[in-house]
Amino acid sequence: MADLWQSAMDHAVAIARKAGETIREALLNDRKVTTKSSSVDLVTQTDQKVEKMIIQSVKERFPAHRFIGEESVAAGEASNLTTAPTWIIDPIDGTTNFVHAFPFVAVSIGFAVNSQVEFGVVYSCLEDKMYTARRGKGAFCNGEPLQVSDQTDVKQSIIATEFGSSRDPEVVENIFSSLRKILCIPVHGVRGAGTAAVNMCLVASGSVEAYYEIGIHVWDVAAGSLIVTEAGGVLMDVEGKNAKPWLPNTRPVGRNRDATGSNPVSQATKQIVKISKTTLIVFFFPRIAKGVDTTETVHEISVTLPRKTENHPEF
Ligand SMILES: O=P([O-])([O-])O[C@@H]1[C@H](O)[C@H](O)[C@@H](O)[C@H](O)[C@H]1O
Ligand SMILES: [Mg+2]
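Keep in mind that this is a model prediction, so the values were computed, not measured. (Residues numbered from 1 in each chain as written. Chains lettered and ligands numbered in written order. Predicted model: local features only at pLDDT ≥ 70, side-chain atom pairs only at ≥ 80, totals over all residues. Heavy atoms only, no water.)

Colleague: I tried to follow the sheet that holds strand β9 (residues 144–145) on my own but got confused; where do I start?
Modeller: Adjacent strands of a sheet form backbone hydrogen bonds with each other and so pair up, either parallel or antiparallel. Spatial ordering of the open sheet is given by β3-β4-β5-β6-β7-β8-β9, a layout of seven strands whose pairing is mixed. For this open sheet the edge positions go to β3 (66–69) and β9, each flanked by a neighbour on one side alone. For strand β5 (residues 106–113) and strand β6 (residues 116–124), the ladder comprises eight bridges, and the chain directions are antiparallel. What sits directly across from S108, in β6, is V122. In this fold helix α1 (residues 6–26) packs onto β4 (86–93), β5, β6 and β7 (129–134), with an angle of close to 30 degrees to the strand it touches most, β6. (Pairing = 2+ DSSP bridges. Helix = DSSP H or I, 4+ residues; strand = E, 2+ residues; numbered from the N terminus. Contact = heavy atoms within 4.5 Å. Axes fitted to C-alpha atoms, helices over the stretch in contact; angles between N-to-C directions.)

Structure representation (structure tokens):
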């Protein structure tokens, strides 16, 4: 049977490549930077230009499709995932890298129908690596199949993570407390490419055993989530169940602070130790909205294991 979404996927690959060319050209010029949620949450005209270019091109070809794009949402559009075919776009994942010419910058395009990701395309454009995954058909980098690491000992692992763009002391404290515990497991190392999408592709490639991050958006992970699972990885929450990080706030499993004052970061970190027999990890914590009382903010925590298992271990 013909693949209903193959032509959309082909289009995504072509437009991601074209977007990558635009980004590479823009790197040769001055990059005018403005900020969004905080002084370190950066955006450039290239982010906006590339997103418009992708959306325009998809609209011409697939007029009934919908969009969730990082810069459109920043400009006030809703971020609602319905059952309709929806393109979930991060035009430049790794904007801070782009601003500083740090060499990991990706175009991330996920495509969801009936709230399920059908394909994911991550183009790491400065490395010229095109990561692709079609649901049920595997994950690839420049056409070569990907397979997650088969390392099963957390002490032999490299963990990818990011520090995010909040400089709120409580958030920073959570990040460091989590990091300290992970380092002291001990693990071989901790790395971060500066783009969530590339970090997930590094999990899919087996270059790192796991990736976790506190504070992430659907456009950062929609494409990467399928690339990870199609490469044999698993997205899990702290209960060991499959998580769907592209559905924001749909599976809350923890609170920022529970009644005893422990927070999900330390709870999640404890899980790392517990699951070390089967290895690791992606945690996703939806960003804490500005002005929201974090004591009441519901968070979602996800865990990626490199090996796909039907029955996830009980934590
Ligand atoms: O803003 P952006 O460069 O598209 O995306 C960011 C990057 O993926 C970064 O690595 C991650 O730490 C942030 O959480 C993301 O928001
Ligand atoms: Mg991003």
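Moving on, there is more to tell.
Colleague: Quick question: what am I supposed to make of the domain arrangement of the protein chain here?
Modeller: Interfaces are frequently sized by the accessible area removed from exposure as the parts join. Parsing the protein chain into structural domains produces domain 1 (6–145) and domain 2 (154–305). Residue-level contacts link 41 residues of domain 1 with 24 residues of domain 2. A buried area of about 2,300 Å², summed over both sides, lies between domain 1 and domain 2, and 69% of it is on carbon and sulfur atoms. Counting across the interface, domain 1 meets domain 2 through zero salt bridges. The interface formed by domain 1 and domain 2 includes seven residue pairs in polar contact (both at pLDDT 80 or more). Counting only elements with at least two residues in the side of domain 1 that touches domain 2, the list comes to β3, α3 (70–74), β4, β5, β6 and β7. Per element, the largest residue contribution to the side of domain 1 that touches domain 2 is eight residues, and it comes from β6. For the side of domain 1 that touches domain 2, the class distribution of residues is 18 nonpolar, 15 polar and eight charged. (Domains from an automatic or database assignment. Buried area = accessible area lost by both parts, 1.4 Å probe. Salt bridge = Lys/Arg side-chain N within 4 Å of Asp/Glu carboxyl O. Polar contact = N/O pair within 3.5 Å; in protein donor to acceptor, adjacent residues only side chain to side chain. Nonpolar A, V, L, I, M, F, W, Y, C, P; charged D, E, K, R; others polar.)

Colleague: Hey, could you run me through helix α6 (residues 196–205) in this one?
Modeller: Since the α-helix advances by 3.6 residues per turn, residues separated by three or four positions end up pointing in the same direction. Counting buried residues in α6 gives eight out of 10 residues, a clear majority hidden from the surface. Those residues of α6 that sit buried are A196, A197, V198, N199, M200, C201, V203 and A204. G206, located one to two residues past α6, shows a positive phi value of around 80 degrees. (Buried < 20%, exposed > 50% of the residue type's maximum accessible area, 1.4 Å probe, protein only.)

Colleague: Sorry, what's going on with the UniProt feature "binding site: Mg(2+) 1" (unreviewed entry) in the protein chain here?
Modeller: The positions that UniProt labels "binding site: Mg(2+) 1" (unreviewed entry) are, in the present scheme, E70 and I92. The greatest C-alpha distance among the annotated residues, which extend across 23 residues, is 9.0 Å, indicating that they converge on a single site. Relative to the helices and strands, E70 resides in helix α3. Classification of E70 as buried rests on a relative accessible area of 13%. Dropping the residues within four chain positions of it, E70 is found in contact with K36, E51, I89, D90, P91, I92 and W219. As for its position among the elements, I92 is in strand β4. A relative accessible area of 1% places I92 in the buried class. Setting aside anything within four residues of it in sequence, one finds I92 in contact with I23, T44, T46, D47, E70, F98, V105 and A106. (UniProt positions renumbered as here; feature names shortened; annotations may be inferred.)

Colleague: What exactly am I supposed to notice about the pattern of salt bridges here?
Modeller: Pairing between side chains becomes possible if they bear opposite charge and their charged atoms approach one another. In the structure shown here, the tally under the stated rule is six salt bridges. Put simply, R134 and E118 hold a salt bridge, and the shortest N to O gap is 2.7 Å. Of this pair, R134 sits in strand β7 while E118 is found in strand β6, placing the two residues 16 residues apart along the sequence. Of the two residues, R134 and E118, both sit in the buried class. For E127, the salt bridge is made with K129, and the minimal N-O distance between the two is 3.7 Å.

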